[in-house]
Structure formats: structure tokens, C-alpha cells
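# What the coordinates show
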Amino acid sequence: MMVLNSLKKDELVELVPNEGNVLRWYTCGPTVYDSSHLGHARNYVTFDFIRRIISDYFGYEVFYCMNITDIDDKIILRSRRNYLISEYIKKNPIVTETLISDLNTAWPKFINGLKEDLEKNLEEQKKKPNKQELKAEADLLTTRIKQSEDAFSAQMKIIKLGENSSAPVATAEQCLGSYLDKLYGKDLDSELVKKLCDQHSKKFEKEFFDDMKALGIQPPDVLVRVSEYVPEVIEMVQQIIENGYGYESEGSVYFDIHKFHHTPGHAYAKLKPSSAGNLKKFAEGEGALAATEDRISKFDFALWKKSKPGEPSWPSPWGPGRPGWHIECSAMASVILGKVLDVHCGGVDLKFPHHDNELAQAEACYGHDQWVNYFLHSGHLDIDGLKMSKSMKNFITIREAFQKLKYTPRQLRFYFLLHTWCKRMNFQVKEGMGDIEKKEKFVIEFLTKVKQLISEDTSQPNESWTPNDVALHNTLLKTQTEVDAALKNNFDTKTAILLLIDLISAVNSYLSSKDRKTLLVSKIRDYVLRIFGVFGLNFSTSSVTEGASGVSTEDIVRPYARALVDFRNQVREGAKKKEGHDYFLVSCDNLRDKVTPPLGIKIVDDGEFDFYLVDKDQYLEELKNKQIDNIKAQIQKKTTQLKAKETAFNKWEDLRISPSELVLKKYNVTMESEEVPALNNAGGKVSDQNKKKILTDWKKQLTNNTKFNDELAKNPEFYEKLKNDYEKIKKEIQDLQSKIPT
Ligand SMILES: [Zn+2]
């Protein structure tokens, strides 16, 4: 396995563990002061797939340690500024003359600071006219100055006395923060600042690990935070002083570069000798709060920094202070992994001064000349040809990459895998992912096709190989050999992936023939999946993978997700419309009775368990029978009600008929008073006996009908209502009957 070792420059060297099969590996983790961006994503994804290739493909045991820098000038400044800004808003909830005057002071100060930086840069460019880095930085500064000036004048035009102060303060946050910090930062209690720093770094550490998890990055075996290793750091600093390579000055301790570099067996800036005199990079490594006047050489870096007022501190033999940035990695890596590391990795930006200083410190402490055997540096990441920067508006956090740009973790990893890990990468936000999507789709379609082939092939086909089968298998063997060679050649994942894609193309043409060997095809599928798996490209959770039952995870999950989302929508709708609690109870019952049973979930109120996973068909049958019983009981109840209504209705129905109607119907005679006519309507004579009967009936019905009319006078709707109620119950019974499931 040949790798590019930054300590050996331009040639690849063989990676051999110091002891047996184990690789002791240290990686520089983040300084947790802000959100992680795509550059971080590339760095950590890169070392994740290299780690997987080394352990899962080449079979080495990797012991992987990562640090978190949670004591740092950037963290101190950020948390102090955030605190001062929030206190400022509390004191100035509305815009006052004082607030306007503060903005008028803070903003120009900030802009002038940027202008001074630009002037320095232009001076520097006169000395080094061809330095691209300086030019890029000048462009960046020019943009920032312009943006700040525009923001300032726009804000001052619209600001109004008495309005809520949070918006104008938010616009001016950066300059107001540094203005307030210059005024009050040093007066803050050191213990308070320690607490603020702790809260700040914990927040961003959590965010960092959430991002890493989303990117599918394996966690380290050991996580070390500098705040938890201060005594070990002090011990190492003491040893370096004892060995003559460090000195105390004004409560800080510095590394004596001259002494170290001129001692036989040692050399300073092994990784990047060309940067050894780069004051700007040196200053960045030292941090914005570092003292500058108390060193023998201006390039002597801090091992231990004296803490000034308003800065967190830990006790030490040199007074209260805190670790310098570089010493933490040397100390913690040695505590966990021992005095010699097999592999140390990090982003290329860390080469100088951070990694060069780590090397010098460890060598100065242990007296050997090689602390790290293999130094791996992942390449830089540009966005659409430009350096990523917040002011250039091309700054993409990992979260934005997922949420706004809609990249998936697999796509990002695929993208990084298709670039040489140690080379600079130009990340193309729009066009770049199109190619990845195509490749991803190509792989998925292949896996789907193979799945189909295997599921359809239930017979025992003829497995004797034809020349066609032998040829395909030879392609597989050739691919396996070449992928192996690519991975041994400095983890050339790009070549390996392209070889796999060629192999898939070969299978695709093979599949178009009629005589296909299932065993051969599934062997190739398994190989392709295994190598993608080694890279951390997981295709097994997509819809193409066969689970134990031959159903994909997605297909299993979808109906449950649907039920969950529908229920959520119902609840949201109800809440928006301010529905009463009945609405929500009905929704819950509906979920229990209608939605979850077909999914084989039996939800139980007041049971020993909230739910059971049951046999779907059996449970549906049980529910059906319960429903039939329930409807039948309702019909029973309604029928009783109907009978009562019917009796009442029939009674009034009899009384409702007028005496004239009654005698017409019964005897076919027409009479309007108590005088019975001689002839009926058919012209027949009415006998005396009948006349008597008719008159009796007439009188009786007159009394009855009077009762009815009296009731109607009292309650004009009573008859209609009775009739409607009766009809209604009749209809309800019919409806219930139609609802009985068959
Ligand atoms: Zn480090």
C-alpha cells in the first residue's frame, strides 16, 4: 500500500505499521467556535474513507484518536462578543442617541481596520507581485470593505429613535461585538468567560458531531478535548523546558526555534520549510490574543500562554494561563497513542505552523527525530473556483449543503471519492452534482435489474458456463486486480470507482443476452456493493436492496411514514383551526381504528402495553366482527325507538283525520255537518241503521279531531316533527343496515 507522505515530499512510500498490524492514528479535530463547512466535510469524509479502506479492505487494525480544540482565542473572542452583545441589547432594548453614537463609532473603526489590512497586503504585493494568495486576499478584503460600507450607510439611513434595537444591532453585530470587546472584554470575570467558552464550544462540538453523523463518518475510537488534558500539557511543556527547548517569559512559555533547528538530528518546519518565515501564518497559529513582545525570536511559538484579564485560565508553574494551540495535539496524541505515531492526518491548511510545531514539540520532548511516520494531508476545497469565504457569499455549511442545496450525504461522499484526496478540489455547486446523480442512478438501476433477475429466477437454470460467461467473469477478475492496484496506489478511489462503473456496463450488456447466470451476476453485484461499502457509499438502504424478506426497507417504511404524516397533518389542521378536544380525540380514534390496523398495529387504551404488533389479517377480522356486533346493537336500539315513535305517530295520525274525511273513506258519503245525507256518493240509499253508525263515527271522530287540532294550536309543529322523527329513525336503521360489512 503506497501513500503520499507529506514528510517525504513527491514520492509515494509504502505504509508499514511500526508494530505488527496496528496503525496508531491521530487526526486534528475542529476548533469548535463556528459551524462546519464543506471544506471540513471534505477533510473528514476523506479520512473516513481512507480509514475504512485501510481497515475494511487492507485489514489493518486502526486505533483512531481525534481531538477537539475547546480552548482557543477564537472561542474566547466569540463567546465574549456574543455575551457583550446580548448584555448590550438588554441594556438598550430600543434605539437611543447613545446606541446611534455607538454604531457611528464602532462601524468606521471596523472598516478602517479592514482598510489597514488591505494596505498591508498591497505593500506585501509590491514585494511579492506574483503571489496569487495575496491577490485573492486583497480581493476578499476589498469586497468586505465595500459590503461593510454599504451596510453602514443603509442602516444609518433607516434607523429610527425608539424602534426595537435588535434588528440594527444584528446588522452591526460583527463591528459592535469587537468594539464592545475592546472596551469591556478585559473587565469580564475570568471564571465567567471560562463558563461562556465552555457553553460555546459544547454547542459547536455537538453540531460538529451531528454533521459528522449525517455524513456517515465513523466516530473516533478516542476523543480528547484539551480542556480535559491541561495537566498533561503542562507536564510536556515542563519536559521541553528541561530539555532546553523552551523558556518562560512574562508568565508565558515559548518554544526556542533557533536552539531546536540548530541541534543535530532536528530540523524546524519539516513539512513546509518554505513557510518557516511566514509571519502571517505564524500569527494565525498564535491566535488574536497572543502577546508578541516577549519572545527571543519573533517566530518562537507559544507552548503556554499567560492569560490576561477577561481570559479563562488554568493554574500552572508559570502562573495562570492556558495551553498554546499546537501543544495540545502533541501532548494528547502521545498520552493516548504513545511516543511514535504511525499516521497523523489533517487538512493541508494545518501543515504550517500547526503540524510543523507539533512535530518540533514532540521531538523536543522525547528526544527522537521522528514522532510521526506518515503525515497525510487532505487537499483544499474551493467553491466554483474561489476560496470559500463568508464575505464572498460562497460559504456553504454542511447543514446548508443538505437543506438548501439538497445534496445527500451519499452524493457528497461520491463527489469527494471521485477526486484525488490529497489534491486541491474545485467544488462545483451546480454542475458538479449532476454527474454524481447520473452515476448514482446508474448504480441503482444496475442493482435493481440484478434484484429483478434474481427474484424472477426461481427455477434451477443451466449453470454450465458459455464463453460469454467466462468472458464476463474474466472482466470481474481483471476489475478486482485493477481496483486492488488502484487502492494500493495512494487510495486512488477515483480510478476504482470508474473501474466499477465499467464493470457494471459489462454486466448490463451481458444481461441483455437470454442465457444469464444468476450466480455469476450476483457475485459481481456483491463485489460492487462490497467495494462501495468499503468507501462508505451505502447503497444497501436504498430501494434496490433486498432485505431478508425480499422487500426493500423503503417499501416497508413508506406506509408507516404515510400514516404518521397524515396524522400530523390532521393534528396541525385542527390546531390551526383551534378545534376543540373532541376533534383531536376523533383523530386519535381514527388512527387507532382505521389507520393502524391494516399496518398490523393494535393500539390499546389502558392496557398493559400501549400497542401490540399483531397478525394484520386476524386483527382486521376481529375488528370486523366487533364492528358488526356494534352496528347490530345500534339497529336494535333504533328499532325500539322506532316502535315507540310509530305508536305515537299512528295514534295522532288517526286523530288527524277530520270527520268528513273519515266518513267519506269509510262509507263513501259526503257530509259537512251532523246531517247524514240520504244517498251515498254512488247514488245508493243510506239505510237508517247505517245513518246511525255514520253519525256515531262522525261524532267520535269530531271529538278526536278536536283533540288533534287543540294540540296543533298549542304546538303547531308537533305533527310534522313527529312525522320527521319517525322517518328519520327509519332511515337511520336503513343506513346502519347498509353499513354492516360483508
Ligand atoms: Zn492538531
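In the block above lies the structure referred to throughout.
Residues numbered from 1 in each chain as written. Predicted model: local features only at pLDDT ≥ 70, side-chain atom pairs only at ≥ 80, totals over all residues. Heavy atoms only, no water.

### Digging into the environment of Tyr583
Relative to the helices and strands, Tyr583 is located in helix 20 (residues 581-595). Spatially, the C-alpha atom of Tyr583 lies 53 Å from that of Gln701, the residues being 118 residues apart in sequence. Leave out the neighbours within four places in its chain, and Tyr583 touches Gln570, Glu573 and Gly574. Within the structure, the side chain of Tyr583 is placed 2.8 Å from the backbone oxygen of Gln570, a separation counted as a polar contact. (Helix = DSSP H or I, 4+ residues; strand = E, 2+ residues; numbered from the N terminus. Contact = heavy atoms within 4.5 Å. Polar contact = N/O pair within 3.5 Å; in protein donor to acceptor, adjacent residues only side chain to side chain.)

### A short note on helix 8 (residues 230-242)
For helix 8, spanning 13 residues, the distance from its first C-alpha to its last is 18 Å, which sits close to the expected 18 Å at 1.5 Å a residue. Regarding helix 8, the residues found buried are Val230, Val233, Ile234, Met236, Val237 and Ile240. Within helix 8, the buried residues cover an arc of 165° as seen down the axis, which keeps them to one side. Turned more than 90 degrees off the buried face of helix 8, the exposed positions are Pro231, Glu235 and Glu242. Against the buried residues of helix 8 lie strand 6 (246-249), strand 7 (252-255), strand 8 (302-306), strand 9 (321-323), helix 11 (325-337) and helix 12 (351-366). Once helix 8 finishes, Gly244 follows within two positions and takes phi at roughly 90°, a positive value. (Expected span 1.5 Å × (residues − 1). Buried < 20%, exposed > 50% of the residue type's maximum accessible area, 1.4 Å probe, protein only. Arc of directions from axis to C-beta.)

### Comments concerning the environment of Leu564
Structurally, Leu564 can be placed in helix 19 (residues 553-576). For the pair Leu564 and Asp382, spaced 182 residues apart in sequence, the C-alpha to C-alpha distance is 41 Å.

### Observations regarding a nonpolar patch on the surface
Among the surface-exposed residues, Ile556, Val557 and Tyr560 lie close enough to one another that they form a single nonpolar patch of about 260 Å² accessible area. In this structure Ile556 comes out as partly exposed when scored by relative accessible area, which is 42%. (Patch = residues over 30% accessible without salt bridge, like charges linked within 9 Å, V, L, I, M, F, W, Y side chains within 5 Å. Areas by Shrake-Rupley, 256 points an atom, 1.4 Å probe, with all protein chains shown as cover. Salt bridge = Lys/Arg side-chain N within 4 Å of Asp/Glu carboxyl O.)

### Considering the coordination of the zinc ion
The coordination sphere of the zinc ion contains the protein donors Cys28 (SG), Cys329 (SG), His354 (NE2) and Glu358 (OE), at a distance range of 2.0 to 2.5 Å. Metal-centred angles of 73 to 129° between the 4 donor atoms at the zinc ion mark the site as irregular. Mapped onto the sequence, the donors of the zinc ion take the spacing C-x300-C-x24-H-x3-E. Within this pair, whereas Cys28 is found in the loop between strand 3 (22-27) and helix 1 (38-57), its partner His354 is found in helix 12, the two being separated by 326 residues in sequence. The class for His354 is buried, based on a relative accessible area of 1%. (Donors = N, O, S within 2.8 Å, 3.2 Å for Na, K, Ca; no water. Tetrahedral: all angles 85-135°; square planar, octahedral: opposite > 155°, others 65-115°.)

### With respect to the sheet that holds strand 7
Either a parallel or an antiparallel arrangement is found when strands of a sheet pair, and the pairing is made through backbone hydrogen bonds. As summarised here, the arrangement of the 4 strands in space is 6-7-8-9, forming an open sheet in which the pairing is antiparallel. Every other strand in the sheet has two partners, leaving strand 6 and strand 9 as the edge strands with one partner each. With direction set aside, neighbouring strand axes in the sheet form an average angle of 25°. In the sheet, strand 6 pairs with strand 7 via 4 bridges, with the strands oriented antiparallel. Paired with Ser249 across the bridge in strand 7 is Ser252. (Pairing = 2+ DSSP bridges. Axes fitted to C-alpha atoms, helices over the stretch in contact; angles between N-to-C directions.)

### A few points about the packing of helix 8 against helix 12
In contact at an axis separation of 8 Å, helix 8 and helix 12 are set at 70° when each is read in the N-to-C sense. As judged from the angle between their axes, helix 8 and helix 12 are roughly perpendicular. Of the two elements, helix 8 crosses helix 12, and the hand of that crossing is left-handed. Taking contact as the criterion, the partners of Met236, Gln239 and Ile240 in helix 8 are, on helix 12, Gln361, Ala362, Ala364, Cys365 and Tyr366. Classifying every residue of the contact of helix 8 with helix 12 by side-chain character gives 6 nonpolar, 2 polar and no charged. (Parallel < 35°, antiparallel > 145°, perpendicular 65-115°, else oblique. Left-handed = near helix turned anticlockwise from the far one by under 90°. Nonpolar A, V, L, I, M, F, W, Y, C, P; charged D, E, K, R; others polar.)

### Looking at the packing of aromatic side chains
Enumeration over the complete set of coordinates arrives at 28 aromatic pairs. For the ring pair Trp107 and Phe152, a centre distance of 5.2 Å and an interplane angle of 45° mean the geometry is tilted. Placement of Trp107 in helix 3 (residues 97-127) and of Phe152 in helix 4 (residues 132-158) is noted, with a sequence separation of 45 residues between them. The exposure classification of Trp107 matches that of Phe152, with both residues buried. Among the aromatic residues, ring-to-ring pairing joins Tyr245, Phe255, Phe260, Tyr268, Phe301 and Phe352 into one connected group. When the ring centre of Tyr64 is taken as reference, the NZ or CZ atom of Arg51 above it lies at 4.1 Å. (Phe/Tyr/Trp six-rings, centres within 6.5 Å; stacked < 30°, edge-to-face > 60°. Lys NZ or Arg CZ within 6 Å of the ring centre and 35° of its normal.)

### Considerations on the sheet that holds strand 4 (residues 61-68)
Overall, parallel pairing links the 5 strands, which are arranged 5-4-3-10-11 in an open sheet. Unpaired on one side and paired on the other, strand 5 (222-225) and strand 11 (372-378) mark the two borders of the sheet. Taken over all neighbouring pairs, the strand axes of this sheet differ in orientation by 20° on average, direction set aside. Across the face of the sheet, helix 7 (residues 190-214) comes into contact with strand 4 and strand 5 while running at roughly 145° to strand 4. Seen against the sheet, helix 11 touches strand 3, strand 4, strand 5 and strand 10 (341-347) and runs at an angle of roughly 145° to strand 4.

### Notes on unusual backbone geometry
Note that the residue after Phe352, namely Pro353, is joined by a cis bond; omega there is 0°. A positive phi angle is found at Asn490, which is not glycine, with a value near 60°. Take Asn490: it is sitting in the loop between helix 16 (467-488) and helix 17 (493-511). In this structure Asn490 comes out as buried when scored by relative accessible area, which is 10%. The phi dihedral of Asn668 is positive, around 55°, even though this residue is not glycine. Inspection of the secondary structure assignment puts Asn668 in the loop between helix 22 (659-667) and helix 23 (688-714).

### A closer look at the nonpolar core
Counting residues in hydrophobic clusters, the biggest one holds 116 residues, and the most contacted among them are Leu38, Ile54, Leu412, Phe416, Phe427 and Phe535. Shared between two domains, this core takes at least three residues from each, and those domains are domain 1 (2-73 + 206-417) and domain 2 (430-537). Setting aside chain neighbours within four positions, we find Leu412 in contact with Leu38, Leu215, Ala401, Phe402, Tyr407, Phe427 and Met433. In this structure, Val233, Tyr245, Leu359 and Ala364 belong to the second largest nonpolar core, which totals 46 residues. (Core = buried A, V, L, I, M, F, W, Y, C linked by side-chain atoms within 4.5 Å. Domains from an automatic or database assignment.)

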